[in-house]
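# Topology and contacts: notes
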Amino acid sequence: TATTEIYTLSLHDALPIYVFGRIYEYFLAKFSVQKAHDNGEFFTPSSLVQMIVNVIEPDHGTVFDPACGSGGMFVQSSHFIEREGFDTTKRVVFYGQEKNPDTIRIAKMNLAVHGLEGKIADAITYYQDEHNLGPSERMQPGHCDFVMANPPFNVDLVDAERIKSDPRLPFALPGVNKDKRVSNGNYLWISYFWSYLNEKGRAGFVMSSQASSGGHGEKDVRRKIVETGDVDVMISIRSNFFYTRAVPCELWHFDRGKPADRRDKVLMIDARNVYRKVTRKIYDFSPEQMQNLAAIVWLYRGQQERFLGLVKDYLGQVCTESQRIPAVVTIFETTLADLRARFDALADAVAKHMALDAEKKQALATAVSELRDAHALYEADAKKILASLAAFDQRYCGSLPGENESQHGAQEEFNPIAEAIRGLIKQLDLLYKLADRVADLGAEF
């Protein structure tokens, strides 16, 4: 009907494509919580994908995910490019491989609702290179600027005979069992990720924690990969980050364009104690935690200006939030003063009423007295904090410090203010509880 068409047009105008994309991401995450995956495969939480993106920074060229699942790596890469102020469709080309036709349809829809395009092939990466992005000969570079993936962990069903001469496996097979199967597929994937990269390519991927300590053939492959000098960053992640498995993992990162002064260095970050608790069973990284971890990578790469810029942004947020406090405090104190006046009047009236229960009258009087004393302490502390915030604002917020020494000075000056604010929050909580108690006692009269 005409009405339906008008409504549809209005809805389309009101909800840009990125909103539909965010909604789709939300339901994908909810779906992954309900549906466990088999054979070592499971939905990659967005915070882990974002962490990989923050390290390898896929902002140009060919981006390939050989185990693309629902396409989350592509979507987060697009978010990163957009935050940098660029148009994703003009900067990168997405390629993916996935063996499950149903998952391919989900991935294509995920790209579509984000306004993206990608070439996703129905293929088993162990045996197929459908986009011809890998090398034609062993130890030759591939054709990808960036490779990203969350491959299935610890797979032991790969036919060794079919892949033993694959040029994408330049470091040889990690180990073959009596059934002529690769005993553990982790290092097949790790080899693929390295071999798909061009001379300056970067890779980031999720990997089982067992892979970094595997022995026998896995140890030999690991040694050869380390000897290339291309292993760049390793990040240890605690358990409970995945929605359907409580396993720890690691984020591996390669950089085949790593400068000479870092070719014998690997940044190793233990982030197992860095997390935000979403539910009792699910953890993730907060945006600030991801930024701080990325900042460590910047410093490792000699990008001090980016680190100083992040600290400057944090100081700017401190100033913005601090400048809002006086108005909020005024509203709170006005409301509390009105309640105090009402409570005092009630207490006076109750005290003069001879027929009321003496024990209840005393309880109300005591509660009103405790509220009065707590209010007096709060007023003194709040006044000091507001004065300190005003002094900090005058000194730093007009011109945010951009040098390391001055930033440290601002932090040292704000630390006691922050501690005092934490104390004031406890006082506010106490005032609320005392006021609630007076209200309950007053309601009995």
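In what follows, the structure referred to is the one given above.
Residues numbered from 1 in each chain as written. Predicted model: local features only at pLDDT ≥ 70, side-chain atom pairs only at ≥ 80, totals over all residues. Heavy atoms only, no water.

Helix and strand counts for the chain come out as 13 helices and 10 strands. For 445 residues, the compact-globule estimate of 2.2 N^0.38 gives 22 Å, and the chain exceeds it by more than 25% at 29 Å. C-alpha atoms of the chain, sized along the principal axes, occupy 100 × 65 × 50 Å. In the chain, of all internal contacts separated by at least 6 residues, the share reaching a separation of at least 24 is 74%. Carbon and sulfur atoms provide 54% of the accessible area of the chain, an area that totals close to 23600 Å². (Helix = DSSP H or I, 4+ residues; strand = E, 2+ residues; numbered from the N terminus. Rg over C-alpha atoms; globule rule 2.2 N^0.38 Å. Contact = heavy atoms within 4.5 Å. Areas by Shrake-Rupley, 256 points an atom, 1.4 Å probe, with all protein chains shown as cover.)

What follows covers the layout of surface pockets. Considered as a void within the structure, the second largest pocket measures approximately 350 Å³ in volume. The wall of the second largest pocket is formed by 16 residues, among which Val311, Tyr314, Leu315, Gln407 and Gln411 lie closest to the centre. Elements represented by at least two residues in the lining of the second largest pocket include exactly α10 (287-300), α11 (304-352) and α13 (404-442). Ranked by residues supplied to the lining of the second largest pocket, first place goes to α13 with 7 residues. Per-class residue counts for the lining of the second largest pocket are 10 nonpolar, 6 polar and no charged. (1 Å grid on protein atoms, 1.4 Å probe; cavity = no way out; pocket = protein on both sides within 12 Å on 5 of 7 lines; lining within 4 Å. Points joined across faces, edges and corners; volume = space filled by probe spheres on them. Nonpolar A, V, L, I, M, F, W, Y, C, P; charged D, E, K, R; others polar.)

Turning our eyes to something else, we now look at helix α6 (residues 101-113). Between the first and last C-alpha of α6 there are 19 Å, a value that for 13 residues agrees with the 18 Å anticipated at 1.5 Å per step. Turning to α6, its buried residues number three or more, namely Thr103, Ile104, Ala107, Asn110, Leu111 and Val113. Its side-chain oxygen 2.9 Å from the backbone nitrogen of Asp102, Asn100 forms the N-cap of α6. (Expected span 1.5 Å × (residues − 1). Buried < 20%, exposed > 50% of the residue type's maximum accessible area, 1.4 Å probe, protein only. Polar contact = N/O pair within 3.5 Å; in protein donor to acceptor, adjacent residues only side chain to side chain.)

Further remarks concern the pattern of salt bridges. Counted under the stated rule, the structure contains 23 salt bridges. With its nearest N and O atoms 3.1 Å apart, the salt bridge here joins Glu413 to Arg395. Here Glu413 is found in helix α13, whereas its partner Arg395 is found in helix α12 (residues 358-397), with 18 residues between them in sequence. Accessibility expressed as a relative area gives 25% for Glu413, which makes it partly exposed. Notably, a salt bridge pairs Glu419 with Arg422, separated by 2.8 Å at the nearest N-O pair. Within this pair, Glu419 and its partner Arg422 are both found in helix α13, separated by 3 residues, close to a single helical turn. Relative accessible area serves as the criterion here: at 46%, Arg422 is assigned to the partly exposed category. Sharing partners across several salt bridges, the network here consists of Glu57, Arg202, Asp255 and Arg306. (Salt bridge = Lys/Arg side-chain N within 4 Å of Asp/Glu carboxyl O.)

Quick look at the packing of α11 against α12 now. In the contact formed by α11 and α12, the axes pass within 10 Å of each other and the chain directions differ by 160 degrees. By the criterion of interaxial angle, the relationship of α11 to α12 is roughly antiparallel. Judged by the sense of rotation from one axis to the other, the crossing of α11 with α12 is left-handed. Taken together, the residues that form the contact of α11 with α12 break down as 21 nonpolar, 3 polar and 6 charged. (Axes fitted to C-alpha atoms, helices over the stretch in contact; angles between N-to-C directions. Parallel < 35°, antiparallel > 145°, perpendicular 65-115°, else oblique. Left-handed = near helix turned anticlockwise from the far one by under 90°.)

In terms of residue burial, strand β7 (residues 249-255) counts as a mostly covered element, since 7 of its 7 residues are buried. Here β7 shows a buried face lined by Cys249, Leu251, His253 and Asp255 and a second buried face lined by Glu250, Trp252 and Phe254. Here strand β5 (residues 197-208) runs beside β7; their pairing, made up of 7 bridges, is antiparallel. Considered in β7, the bridge of Val206 is made with Leu251. (Pairing = 2+ DSSP bridges.)

A separate point is helix α4 (residues 72-83). Between its first and last C-alpha, α4 extends 17 Å over 12 residues, near the 16 Å set by a 1.5 Å rise per residue. Counting buried residues in α4 gives 9 out of 12 residues, a clear majority hidden from the surface. If you check which residues of α4 are buried, you get Met73, Phe74, Val75, Gln76, Ser77, Ser78, His79, Phe80 and Ile81. Of the residues trailing α4, Gly85 is marked for its positive phi of about 90 degrees.

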